[in-house]
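Coordinate inspection notes
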Amino acid sequence: MILERRAVEPFFKNGFVIGCEQTREGVVIDPGDEVDELLAAVAQHELEIVNVLLTHAHLDHVTGVRRAKEVLRVPVWLHHADNHLYEHVVQQGQMFGIRVEPQPPIDHFYDGGGPLSFGRYQVRVLHTPGHCPGGVCLAVSREGEKRSTLFVGDTLFAGSIGRTDLPGGDLDTLLRSIREVLFRFPDDTVVWSGHGPQTTIGQERRSNPFLI
Ligand SMILES: [Zn+2]
Ligand SMILES: [Zn+2]
């Protein structure tokens, strides 16, 4: 799988481009302020992006949606329970003293749909609320292979968990999402978080101070 990660100030939120090395189809995950770097990675790999997938609607994960849509002209997906947050992205910015442009409406909500795909890869969408109501994790696997790579947004970090003090956050719900959804994956499953370095399910199961 082609995988590129970019992060810029002020939030150093990870945006991702992932693609099928055979068909060159791909998706963009959580385009934020680093959207131009993500678009450059798309061009560099000569990928044809088929969808923009959002893990949740906090401002750092969505401020690049408008630009991504302008250039890529593909649908944007979100969990419906985060649409309220998404529609108030300008107000989210005001909370942090940051001017944020309004973003174009969401095209599709994940609910009820089957897995999404790009090239030879499938994306399973797992609802993992707690950090916010509509948080999801994306489990990406290659056709015919069991192993998944997880893109978990701000649900789980290397050595930490997502904050639950923002509107719609709930600690018990978050811990349940991590234990009942993410910890079902095998220990060697690679986890890419919305901030910071990659980790694995096994590493967090063994040593994450919020979970042991
Ligand atoms: Zn967040
Ligand atoms: Zn974030």
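In case you missed it, the structure is sitting above this.
What counts, and at which threshold
Residues numbered from 1 in each chain as written. Chains lettered and ligands numbered in written order. Predicted model: local features only at pLDDT ≥ 70, side-chain atom pairs only at ≥ 80, totals over all residues. Heavy atoms only, no water. Donors = N, O, S within 2.8 Å, 3.2 Å for Na, K, Ca; no water. Tetrahedral: all angles 85-135°; square planar, octahedral: opposite > 155°, others 65-115°. Helix = DSSP H or I, 4+ residues; strand = E, 2+ residues; numbered from the N terminus. Buried < 20%, exposed > 50% of the residue type's maximum accessible area, 1.4 Å probe, protein only. Contact = heavy atoms within 4.5 Å. Core = buried A, V, L, I, M, F, W, Y, C linked by side-chain atoms within 4.5 Å. Polar contact = N/O pair within 3.5 Å; in protein donor to acceptor, adjacent residues only side chain to side chain.

Structural notes on the coordination of the zinc ion (ligand 2)
All of the protein donors around the zinc ion (ligand 2) are Asp60 (OD), His61 (NE2), Asp154 (OD) and His195 (NE2); their distances to the metal are 2.1 to 2.2 Å. Metal-centred angles of 88 to 156° between the 4 donor atoms at the zinc ion (ligand 2) mark the site as irregular. The sequence motif formed by the donor residues of the zinc ion (ligand 2) is D-H-x92-D-x40-H. The metal-metal distance between the zinc ion (ligand 2) and the zinc ion (ligand 1) is 3.6 Å, with Asp154 serving as a donor to both. Of this pair, His61 sits in helix H2 (residues 59–62) while Asp154 sits in the loop between strand E10 (148–151) and strand E11 (156–157); the two residues are 93 residues apart in sequence, bridging distant segments of the chain. The exposure class of His61 is buried, given its relative accessible area of 0%.

Focus: the side chain of Asn83
With respect to the helices and strands, Asn83 occurs in helix H4 (residues 83–87). According to the relative accessible area criterion, Asn83 is buried, its value standing at 16%. Leave out the neighbours within four places in its chain, and Asn83 touches Leu78, Ile106 and Phe109.

Digging into the nonpolar core
In terms of nonpolar packing, the biggest core is built from 27 residues, with Val17, Val28, Ile49, Val52, Leu54, Leu72 and Tyr86 touching the most fellow members. Here this core takes 5 residues from helix H1 (residues 35–44), the largest share from any one element. If we skip the residues at most four places from it in the chain, Leu72 touches Val28, Leu39, Val42, Ile49 and Val52. Formed by 17 residues, the second largest nonpolar core is a distinct cluster that contains Phe16, Val136, Phe151 and Trp192.

Focus: unusual backbone geometry
A cis amide bond links Glu9 with the next residue in sequence, Pro10, at an omega value of 0°. The residue Pro10 is located in the loop between strand E1 (2–6) and strand E2 (15–19) in this model. In this structure, Arg24 takes a positive phi of about 70° despite not being glycine. Note on placement: Arg24 falls in the loop between E2 and strand E3 (25–29). Of note in the backbone geometry, Asp30 takes a positive phi value of approximately 55° without being a glycine. Structurally, the position occupied by Asp30 is in the loop between E3 and H1.

Regarding the side chain of Gln92
Among the structural elements, Gln92 can be located in helix H5 (residues 89–95). Assessed through its relative accessible area of 8%, Gln92 is described here as buried. Of note is the side chain of Gln92, whose polar atom sits 2.9 Å from the backbone oxygen of Ala57. Every residue in contact with Gln92, bar those within four places of it in the chain, is listed here: Ala57, His58, Leu59 and Leu85.

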